[in-house]
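Listed below, chain by chain, are the residues.
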Amino acid sequence: MEPSRRITHGSRGEVIFSWMVTVLFGVSVAVGCVKNFRPLGLDFGSWEISDWLINYEGGLVRRGLIGQLLLELEQLRLYDVRLAIAGICAVCSVALLWIVLRIFRREGWSWLIIPTGLCLGYTFLNLWARRDMLSLIMTFFIFLSYRNAVSRQRNWLSWGAFYVLSVLQILIHEASFFYTFPILMLYEFHRQRMRQLSMVASAAKCLLFFMPVLVTMCIACLFKGDQQTAEAIWTSWGKVFTAFQPDAINQLGKGVEALGWDAGQTFYNHLYTSLLGCVHPSYWGILWTLFNLVATYYLLTRVDCVKAGIYPQRAMSHTTMSDIALVQYVALLPMYTVLSCDWGRTLPYLVITSVFFYHLFKQEQPLFSHRLTRVSTSLQGAISGNRVLTLPVIYILLVLLTPIPRYHVPFDSLNTFQQKFWTELMHIINPYPFPDNEPH
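Calculation notes
Residues numbered from 1 in each chain as written. Predicted model: local features only at pLDDT ≥ 70, side-chain atom pairs only at ≥ 80, totals over all residues. Heavy atoms only, no water. Helix = DSSP H or I, 4+ residues; strand = E, 2+ residues; numbered from the N terminus. Buried < 20%, exposed > 50% of the residue type's maximum accessible area, 1.4 Å probe, protein only. Salt bridge = Lys/Arg side-chain N within 4 Å of Asp/Glu carboxyl O. Expected span 1.5 Å × (residues − 1). Arc of directions from axis to C-beta. Axes fitted to C-alpha atoms, helices over the stretch in contact; angles between N-to-C directions. Left-handed = near helix turned anticlockwise from the far one by under 90°. Contact = heavy atoms within 4.5 Å.

## Here's the deal with the environment of Gly-26
Step number 1: By the element assignment, Gly-26 lies in helix α1 (residues 12-36).
Step number 2: For Gly-26, a relative accessible area of 26% puts it in the partly exposed group.
Step number 3: Between the C-alpha atom of Gly-26 and that of Leu-120, which follows or precedes it by 94 residues, the distance is 9.8 Å.

## Topic: the pattern of salt bridges
Step number 1: Within the structure shown, the criterion is met by 10 salt bridges.
Step number 2: For the salt bridge of Arg-62 with Glu-174, the shortest nitrogen-to-oxygen distance reads 3.3 Å. Of this pair, Arg-62 sits in the loop between α2 (47-50) and α3 (64-76) while Glu-174 sits in the loop between α6 (156-172) and α7 (176-193), and the two are 112 residues apart along the sequence. Exposure class is identical for Arg-62 and Glu-174. Each is buried.

## What to know about α6
Step number 1: End to end, α6 covers 24 Å across 17 residues, agreeing with the expected 24 Å (1.5 Å per residue, within 8%).
Step number 2: Listed in full, the buried residues belonging to α6 are Ser-158, Phe-162, Ser-166, Gln-169, Ile-170 and Ile-172. Projection of α6 onto a plane perpendicular to its axis shows the buried side chains occupying an angular sector of 155°, all on one side. In α6, the exposed positions angled more than 90 degrees off the buried face are occupied by Trp-156 and Leu-157.

## So, the packing of α7 against helix α17 (residues 343-361)
Step number 1: Running from amino to carboxyl end, α7 crosses α17 at an angle of 35°, the nearest separation of the two axes being 10 Å. In this structure, α7 crosses over α17, and the sense of that crossing is right-handed. For the pair α7 and α17, the contacting residues are Tyr-179, Ile-183, Leu-184 and Tyr-187 in the first and Tyr-349, Thr-353, Phe-357 and Phe-361 in the second.

Okay, structure coming up:
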């Protein structure tokens, strides 16, 4: 790796401008947090709350661990579970922000993309993110414990932490498998191959290594729940509903109700809305989605393009970051097609976990096969060879203009980060607008 270096005097303008953009986006996110982080204003049946209420009262089911723990606490003392959920989200949001900021600071990267929809713009202190903040924190420590486990002899503490955290993460949110374990499995397979083992032997050792994780994921998929399970879960919260929102017992919450959805129809709905949209479906949505995916690759792999300006910037391997990003793109394909339509949650899975993996494993070269590295070298060579794409102002403009949607496709409704930013900015400028039926 190249030695650390400080920014030059000639980069002062880009530093100032990038910090202005960062502060503006940060203020927009902060205003949104103040306006939206009000758990008592949410119904128990909303996605934001009901997804947390899934428990094991109807039998073993995916995502039931936290809900069961919350229910056990309720058995000891009646409380408004919405406040507990909000507390978990708040603590995890702050903790994840601290981890991300610390990594960016150590690498010497600008914080420019952190408050955008690519990172924490939609999910920080937002109950809409549900379990994401907790799960991403667990991903960081799973990566860390795995690295420590394989790099030290007989480090039983790291081994134990890796397996315990891995099983717990899948029991808490099974979709976390896609952004946590495929990249570790590919890395472990390549690590075994580097020991001159055959492909069959390397694959066998890799599968054996991750067997507890794979078994847990299979259990989560098999026990996905049904209508009867959902009704039993909802009934188990009867005392809480009676005390804090009596009418909630009459209709299943959306998160719990989803346990009974037909898998085929659910896959189709996610695929349709994530690529074409829901409010105004259009094939143009596919082009905007592809543009966002390409822009995300560029913004992630060139995160050092804009100087940070307040601390040393380390030399970054764009090829290594590209290798990691490409693996995560493939691993997360189910989340981008049939398992989700919330781009404001799934794109951060890619960006944040890639940042984690790069920071923890960048010294371990090579990470993956030479075939993948050749692809990354070609892509990064094309970017480096284009003078326009290496300009910091182009990077900043793409941060400003890339229409990252909160859900569905860009412009399907008022759900892009730019629209959110503009709405919050107008609210700051004029917090008490005149009613439409009164003269201005």
